[in-house]
Amino acid sequence: MAISAKPYLREISIAGDAEIDFDSYPFNIPAVRDMGVIEPHADVTFFVGENGAGKSTMLEAIAVALGLPSEGGSRHVHRAQQDVSSLQNCLKLVKSFRKPAWSYFLRAESLFNVFSYLDDLPPGGGPSKHIRSHGEAFMDVMLEFSAGGLYLLDEPEAALSPNRQLAALSAIDQLVKQDCQFIIATHSPILLSYPNARILQFDGSGITEVAFEDTEHFAVTRDFLNHYPQRLKQLLADD
Ligand SMILES: Nc1ncnc2c1ncn2[C@@H]1O[C@H](COP(=O)(O)OP(=O)(O)OP(=O)(O)O)[C@@H](O)[C@H]1O
């Protein structure tokens, strides 16, 4: 039986010999301290959890440990690493026998800086992405993703309208079918609905797998949309 090349990234854990200070960032974050062994899905892995649960800290550390720039981009983006936590030095990554053809860290919050860097390179990279809206530019980058890649996305929905999130879901599926692997930190119930995925919940007890319909994102969004007149009355009531 042939062994599958995916997932390109198979396990993420804290190295046994890592020097750890549990009283300071990032190991004072419960999900980081008690992360155990993350086993990414061959297709898509989602990081979910409350604001501040440690998703971006983890994704950034994985990206930097893979040799990608902390602000985002591919290995060809040569920018100084910005405010990177010590986590990437402590991670042990188990990789596939086959390297991905391409790796990219796409991060909505620092996309602007990466585009400025690309604009400053010698001509040849196509028109400036600065003349595109945030969401258009984000989708442009996603649509440039190619087969056999490993892609890390940090909160793609920050840039995308609901319609574009649906388009992103379809683009991700096309890429998965071309041997790509994704790890995505998100709050988007639209993206989280992707079926060939593992959803990992970051919270006070560490990192645990959860089913789509058991996520707070699904439950809260469904409840609000189904009952928004009552929910608004409750939320906006004078006490
Ligand atoms: N450089 C830093 N130094 C100290 N604490 C930090 C630093 N960066 C982030 N934190 C803290 O670490 C915690 C986790 O932050 P992180 O950005 O990883 O959360 P998140 O799960 O991605 O949140 P969100 O959903 O809001 O994006 C937060 O409490 C944050 O304030």
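Predicted model, so just to flag it, every value in this text is computed and none were measured.

Novice: Honestly, the overall build of the protein chain in this entry has me stumped. Any pointers?
Specialist: Helix and strand counts for the protein chain come out as 9 helices and 8 strands. Residue burial in the protein chain is summarised as follows: out of 239 residues, 36% are buried. In the protein chain, 77% of the contacts between residues at least 6 apart in sequence involve partners at least 24 apart.

Novice: Explanation requested: the sheet that holds strand β7 (residues 197-203) in the structure shown.
Specialist: Neighbouring strands of a sheet are bound in pairs by backbone hydrogen bonds; such pairs are parallel or else antiparallel. With mixed pairing, the 6 strands of this open sheet are ordered in space as β4-β5-β6-β2-β7-β8. Taken across any chain shown, the strands that pair with only one partner, and hence form the sheet edges, are β4 (102-107) and β8 (206-210). In this sheet, neighbouring strand axes are inclined to one another by 15 degrees on average, regardless of whether the strands run parallel or antiparallel.

Novice: Hey, could you run me through the pairing of β7 in this one?
Specialist: Every other side chain in a regular strand lies on the same face of the sheet, so the side chains alternate between the two faces. Bridging between strand β2 (residues 44-49) and β7 involves 6 bridges; their strand directions are parallel. Counted as the bridge partner of Phe46 is Ile199 from β7. With 5 bridges connecting them, β7 and β8 associate as antiparallel partners. Looking across to β8, one finds that Leu200 is bridged to Glu209. Where β7 folds back on β8, the antiparallel hairpin that results is connected by 2 residues.

Novice: Honestly, the site of the ligand in this entry has me stumped. Any pointers?
Specialist: Lining the immediate surroundings of the ligand are 11 residues, of which Tyr25, Asn51, Lys55, Ser56 and Thr57 lie closest. Looking at the shell around the ligand, the element that brings in the most residues is helix α2 (residues 55-65), giving 3 residues.

Novice: Explain the confidence of the model for the protein chain to me, please; I cannot follow it from the model alone.
Specialist: Detailed reading of the predicted coordinates is not advisable wherever pLDDT falls low. Here the protein chain averages 90 in pLDDT, and 87% of its residues register 70 or above. With pTM at 0.92, the complex prediction returns an ipTM value of 0.97.

Novice: What is the right way to read the environment of Lys233 from this model?
Specialist: Mapped onto the secondary structure, Lys233 falls in helix α9 (residues 228-236). For the pair Lys233 and Val176, spaced 57 residues apart in sequence, the C-alpha to C-alpha distance is 43 Å.

Novice: So what exactly am I meant to see when it comes to the packing of helix α5 (residues 134-143) against helix α6 (residues 162-176) here?
Specialist: Working note: a packed helix pair is described by the angle between its axes plus the distance between those axes. Viewed as axis vectors pointing N to C, α5 and α6 meet at an angle of 10 degrees, and their least axial separation amounts to 11 Å. Relative to α6, the element α5 lies roughly parallel. Residue-level inspection shows Gly135, Met139, Met142 and Leu143 of α5 in contact with α6, the latter providing Arg164, Ala167, Ala168 and Ala171. Each residue belonging to the contact of α5 with α6 can be placed in one class, and the counts come to 6 nonpolar, 1 polar and 1 charged.

Novice: Mind showing me how you'd approach the pairing of β4 here?
Specialist: Along β4, 5 of the 6 residues are buried, which leaves the element largely enclosed by surrounding structure. Looking at chain direction, β4 and strand β5 (residues 149-154) are connected through 6 bridges and run parallel. Opposite Leu106, over in β5, you have Leu153 as the bridge partner.

Novice: Explain the environment of Ala61 to me, please; I cannot follow it from the model alone.
Specialist: Looking at where Ala61 falls in the secondary structure, it is placed in helix α2. Residue classification places Ala61 among the buried positions, given that 23 C-beta atoms sit within 10 Å. Along the sequence, Ala61 and Pro7 sit 54 residues apart, while their C-alpha atoms lie 18 Å from each other. Ala61 has contacts with Ser85, Leu87, Gln88 and Leu91, leaving out every residue within four places of it along the chain.

Rules and cut-offs
- In every chain, residue numbers begin from 1 and rise along the written sequence.
- Totals for whole chains, interfaces and linings use every residue, but because this is a predicted model, local features are given only for residues with pLDDT of at least 70 and side-chain atom pairs only at 80 or more, for both listing and counting.
- Elements are defined by DSSP. Helices are runs of H or I of four residues or more, strands are runs of E of two residues or more, and each kind is numbered from the N terminus.
- Residues with at least 20 neighbouring C-beta atoms inside 10 Å of their own are called buried, those with 12 or fewer are called exposed, and the rest are partly exposed, where every C-beta is derived from the backbone.
- Any pair of residues counts as being in contact when their C-beta atoms, constructed from backbone geometry, are within 7 Å of one another.
- Pairing between strands is defined by DSSP: at least two bridges between the two strands are required.
- Axis definition: a line fitted to C-alpha atoms, limited for helices to the stretch in contact. Angles are taken between N-to-C directions and run from 0 to 180 degrees.
- Whether a residue is near a molecule or strand depends on its C-beta atom, generated from backbone atoms, being within 6 Å of that molecule or strand.
- Each residue carries a pLDDT score, the predictor's own confidence in it, on a scale running from 0 to 100.
- Working definition: roughly parallel below 35 degrees, roughly antiparallel above 145 degrees, roughly perpendicular at 65 to 115 degrees, and oblique for all remaining angles.
- Ten residue types, Ala, Val, Leu, Ile, Met, Phe, Trp, Tyr, Cys and Pro, are classed as nonpolar, four, Asp, Glu, Lys and Arg, as charged, and the remainder, Gly among them, as polar.

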